[in-house]
Amino acid sequence: MKIKPILVLPSLPDKISHLQDLSRNLWYSWSPDLISLFRRLDRETWEVCNQNPVQMLAQVSQDKLLAAAEDDSFVAHLERVYGAFNHYMAQKKWFEARFPVCKDSTVAYFSCEYGLDVSLPIYSGGLGVLSGDHLKSASDLGIPIVAVGLLYRYGYFQQSLNADGWQNESYKENDWYNMPVKLEKDANDKPIQISVNIGDSPVRAQIWRVQVGRVPLYLLDTNIPENPSMHREITYQLYSGDKDVRIRQEIILGIGGVRALEALGYEPNAYHLNEGHSMFLCLERIRRLMEKEKLSFDEATEVVWSTNVFTTHTPVPAGNEVFEIKLMEKYLSPMASSLGISFKEMIKLGRITDADPAEPFSMTVGALRLSAHSNGVSKLHGKTARHMWQHVWPGFTEEDVPITSITNGVHTYSWIAPNLGELYRTYLGPRYIEQPEDPTCWDNINRIPDGELWRSHQQNKEKLVFFTRERVHRQLQEKGKSRQELKRTEEILDPYALTIGFARRFATYKRGYMLFSDLERLKKMISDEKRPVQLILAGKAHPKDNAGKEIIKSIMHIAQQEEFRNRIVFLENYDLDLAYKLVAGVDVWLNTPRRPQEASGTSGMKAALNGALNLSILDGWWEEGYTPDTGWAIGNPTDYASREEEDLVESQALYDALERDVIPTFYDHGKKDYSSNWVNMMKSSIIMGGKDFSSHRMLREYSEKFYIPAIQSYGNLVGDGYNLTHDVTEWSRRISQFWNKVSVSSMDMPNLNGSSQVGQSILVKVKVFLGDLSPDDVKIEILRGNLNAQDQMVDTEVFAGTLDESMPDGHHVYHVEMVSTRSGRMGITARVIPNNNSHLIKHHPRLIAWHE
């Protein structure tokens, strides 16, 4: 039977036709006024449609649409929202005002998942939500980003727990024609498609567009009739556990993503790889430059390296994506041929060393090698990443590894509860909305009367309690529980009790079990009639992570015990909608990762913006955000003899913090409804979150540190027929050819007799041999730092040498004068590194000469 598809669109009366446009732009996800308009149209249908305005408009009855068109107040509400939307889209933004010369540039942003809204389920967790917030802030600030990802037929799994508490997974098919996505078509109204050879097989993908405010997001989809079934499945599921599927997904994301942008008419000036999944875009960019611009492999690599930004999110080596060499050879051998290099040479890009022929190809190593700008996502994670990937740059000290940090942030408008948003707008003024790039307005939080802030928070907590009761009722109903058990859900939680939230991926390093390590102490807190405590937990374990599933199961068993029933609740199927309600309604946000394995963490930032107080291990962002005024730290950063000792010490520290600080502070309110000390901490927490941990701040940093330098490098390298590219590549070739003769011949401190005093000037003389290279080709640096017990230099300072004399035999003498500013055992050494004032300098692992 042959069926011809026809897309039938809702028939909206003219007076409310703007609803159609507003439903197709994800701007609605951070516009409470627009969401209230959709709810006003038909609240029940809004919830049934999973808060998806496109599907809602398709399902709401024609009678209700006609009634809304005749409702003057509804029409006026719509016109007000539509006017605000048009103003938002048209107004001049921060980026254009700050960098007017670069306003017509484009930054391509690649991520394998995007958590934009519950109505678009193409995300699993923190990485996707961060990507979504990145795009929203880029839109608010006017940063010229175009984003690329994959359109997953089933997205991530739906979670349910069986009677024993074991996690089961199911997958729900997405109906793209009833979601805020649009198929990109050409002038003949045919879908625009790109083709990528995966091994010997051509794979086609069509392109869907999601409009995120002013930012377009393009999603590639291989589930089309032109592809055989094995390739249609490429975009079936997010984070497939099958490595064969994963590498094909990442080929489509990286190589296909570059081709999709070209097919759509984009010529990006810079590329941002959010995690290593899109690393193959580097190879495709090199290939396209060689083919279109007739550059050599080395020349094309210079351009790509100079204009790539890479963000790593994974602080443990095992968590980074790697592919076995046989799998790489199966699918990417043709790419090596098109690059004019051997397969072995291409594989070297993603390997730390050539010594082990079995070493797999690391997407992170490849991205680090081919990106001039790399960062971790918190200060601590930047330090961890430099240590973890130091072997990529042998010869460089850990502090010199070219991985910096830009701490993550969250999109404030998306994560602040609507009632708090109105309260903030009243006391912070219009800058809160109109100038999101200005953090100083957050200081005005202190103007809010304590009682007014507490009442708003209490409203959100009551909403969370009632939502939890409804959700648990539905969970039990789906499991076929008795009427008596369903009736008991009305007793779940107390809206006036201290409420702790814990919601995140149930990976073992996040230690979701920590609060349950001493059930007797927990029981005393839970059952205290005068000062009760209650817990709400949520989160998914990866389908193949049985250890994570065991943690969930054990928590469910505890929650079902009579003494904990109604006071410990696990909510199934953690998603964005549940996350919004949790961070808005809890009093305390708990986080217990094993330091330093939490790269950043952003859920605590969202909770802070809503006035919740963080109780967390000093890991990721919390090491930067914590002060005694904003929350509590669990334990102290230290080294432990074993993980068992670490768990024991820190779990006891958690209980101590709750018993001695958190619970007494919350309930110390006398005759008032709230604790003044607690509300003061809430205000400090909100200010901290708004000023320091917004994605607006994060995007400003990315723009100033990475995007603008990358855009400028692009203009310099491609200008004048790639003249600078040719020159720099030739310079690099010459440097590499003659570097083996470069050495530090001697280093002397003529005015020093083995010791110095603080404040004393030290003269350092360095003699180097450059051979066929000139002083213009290099930089001489003297490093000074404290010596640790292993005689290694730490906390180093770098001083640039000044040329004194050049000798006919290729030797050159430099000097540095430095003043002793610290006492203790110090070390001083010297090195030679390449230098070219016309170009960024690679941290080439072999091009460094130390004083030996």
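Predicted model, so just to flag it, every value in this text is computed and none were measured.

> Before we move on, could you go through the environment of Met328 and cite the residues and values that matter?
Assignment of secondary structure puts Met328 in helix H13 (residues 325-338). Since its relative accessible area comes to 0%, Met328 is described here as buried. With 398 residues separating them in the primary sequence, Met328 and His726 have C-alpha atoms 31 Å apart.

> Account for the packing of aromatic side chains, with residues named and values stated.
Scanning the entire structure with this criterion turns up 33 aromatic pairs. Between Tyr154 and Tyr236 the ring centres are 5.7 Å apart and the planes differ by 85°, which places this aromatic pair in the edge-to-face class. You can see Tyr154 sitting in the loop between strand E2 (145-150) and strand E3 (158-161) and its partner Tyr236 sitting in the loop between helix H9 (229-232) and helix H10 (243-263), a full 82 residues away along the chain. On the basis of an interplanar angle of 80° and a centroid distance of 4.9 Å, the ring pair of Trp621 and Phe693 is categorised as edge-to-face. Pair noted here: Trp621 is in the loop between strand E19 (613-617) and helix H26 (622-625) and Phe693 is in the loop between helix H28 (676-692) and helix H29 (695-738), with a separation of 72 residues, a long-range link. A residue is classified by how much of its surface remains accessible, and Trp621, at 3% relative accessible area, is buried. Exposure remark for Phe693: the relative accessible area of 3% places this residue in the buried category. An aromatic cluster is built from Trp454, Trp632, Phe666, Tyr667, Tyr674 and Trp678, whose rings are joined through pairwise contacts. The ring of Tyr88 has Lys93 sitting right over it, with the charged end atom 3.7 Å from the ring centre. Lying over the aromatic face of Phe467, Lys581 brings its terminal NZ or CZ to 4.9 Å of the ring centre.

> Lay out the sheet that holds strand E21 (residues 743-748) in plain terms, naming residues and giving numbers.
Spatial ordering of the open sheet is given by E21-E22-E26-E25, a layout of 4 strands whose pairing is antiparallel. A single partner strand is all that each edge strand has here, and the edge strands are E21 and strand E25 (802-806). Each strand axis lies, on average, 25° off the axis of its neighbour in the sheet, ignoring direction. Of the strand pairs in this sheet, E21 and strand E22 (residues 761-769) are connected by 5 bridges, and their pairing is antiparallel. Pairing of Asp748 across the sheet is with Lys765, part of E22.

> Can you break down helix H27 (residues 643-667) residue by residue, with the values?
Given a rise of 1.5 Å per residue, 25 residues ought to cover 36 Å, and the 34 Å separating the end C-alpha atoms of H27 matches this to within 8%. At Leu658, H27 is deflected by roughly 40°, the largest bend along its length.

> Which residues make up the packing of helix H11 (residues 280-293) against helix H12 (residues 297-306), and what values do they have?
Relative orientation of the contacting elements H11 and H12 amounts to 125°, with a least axis distance of 9 Å. Our classification of the angle between H11 and H12 gives oblique. In the packing of H11 onto H12, the handedness of the crossing is right-handed. Touching Cys282, Arg285, Ile286, Leu289 and Met290 of H11 are Phe297, Ala300, Thr301, Val303 and Val304, all from H12. Broken down by class, the residue content of the contact of H11 with H12 amounts to 8 nonpolar, 1 polar and 1 charged.

> Break down the sheet that holds strand E23 (residues 778-787) for me, with residues and values.
The strand order E24-E23-E27-E28 describes an open sheet built from 4 strands, whose pairing is antiparallel. Edge positions in the sheet fall to strand E24 (793-800) and strand E28 (849-850), since each of these pairs with one other strand and no more. By the bridge criterion, 9 bridges tie E23 to strand E27 (residues 826-834) in an arrangement that is antiparallel. For Asn786, the partnering residue across the bridge sits in E27 and is Met826.

> Explain the side chain of Lys549 to me, using residue names and the numbers behind them.
You can see Lys549 is positioned in helix H23 (residues 546-559). The exposure class of Lys549 is buried, given its relative accessible area of 5%. Apart from residues no more than four positions distant in its own chain, Lys549 is found in contact with Trp166, Gln167, Glu169, Ala541, His542 and Pro543.

> Mind laying out unusual backbone geometry, listing which residues take part and the relevant values?
A cis geometry characterises the amide bond from Arg595 onward to Pro596, with omega recorded as 5°. Locating Pro596 in the fold gives a position in the loop between strand E18 (588-591) and helix H25 (603-609). Its identity as a non-glycine residue notwithstanding, Arg511 has a phi of 50°, on the positive side. For Arg511, the position within the fold is in the loop between strand E15 (498-503) and helix H22 (519-527). Within the chain, Asp791 stands out as a residue other than glycine whose phi angle is a positive 60°.

> Kindly report on the pattern of salt bridges, identifying the contributing residues and their values.
Considering all chains together, one arrives at 52 salt bridges under this definition. For Arg521, the salt bridge identified is with Glu659, shortest N-O distance 2.6 Å. One end of the pair, Arg521, is in helix H22; the other, Glu659, is in helix H27, with 138 residues separating them in the sequence. According to the relative accessible area criterion, Glu659 is partly exposed, its value standing at 30%. Two residues, Arg594 and Glu646, come together in a salt bridge whose shortest N-O distance is 3.0 Å. Placement of the pair is Arg594 in the loop between E18 and H25 and Glu646 in helix H27, with a sequence separation of 52 residues. When its relative accessible area of 6% is taken as the criterion, Arg594 is described as buried. Within this structure, Arg259, Glu262, Glu284, Arg287, Arg288, Glu291 and Lys292 form a network of salt bridges that share partners.

> Please give an account of empty space enclosed by the protein that cites residues and values.
All chains considered together, the criterion is met by 4 cavities of 30 Å³ or more. Here the largest cavity is characterised by a volume of approximately 90 Å³. If you go around the largest cavity, you meet 16 residues; those closest to its centre are Pro436, Asp438, Trp442, Gly690 and His696. Among the elements of the structure, helix H17 (412-415), helix H19 (431-434), H28 and H29 are those that each provide at least two residues to the lining of the largest cavity. With 3 residues, H29 is the largest single contributor of residues to the lining of the largest cavity.

So, how was this worked out
Residues numbered from 1 in each chain as written. Predicted model: local features only at pLDDT ≥ 70, side-chain atom pairs only at ≥ 80, totals over all residues. Heavy atoms only, no water. Helix = DSSP H or I, 4+ residues; strand = E, 2+ residues; numbered from the N terminus. Buried < 20%, exposed > 50% of the residue type's maximum accessible area, 1.4 Å probe, protein only. Phe/Tyr/Trp six-rings, centres within 6.5 Å; stacked < 30°, edge-to-face > 60°. Lys NZ or Arg CZ within 6 Å of the ring centre and 35° of its normal. Pairing = 2+ DSSP bridges. Axes fitted to C-alpha atoms, helices over the stretch in contact; angles between N-to-C directions. Expected span 1.5 Å × (residues − 1). Bend = angle between axes of the 7 residues up to and from the residue. Parallel < 35°, antiparallel > 145°, perpendicular 65-115°, else oblique. Left-handed = near helix turned anticlockwise from the far one by under 90°. Contact = heavy atoms within 4.5 Å. Nonpolar A, V, L, I, M, F, W, Y, C, P; charged D, E, K, R; others polar. Salt bridge = Lys/Arg side-chain N within 4 Å of Asp/Glu carboxyl O. 1 Å grid on protein atoms, 1.4 Å probe; cavity = no way out; pocket = protein on both sides within 12 Å on 5 of 7 lines; lining within 4 Å. Points joined across faces, edges and corners; volume = space filled by probe spheres on them.

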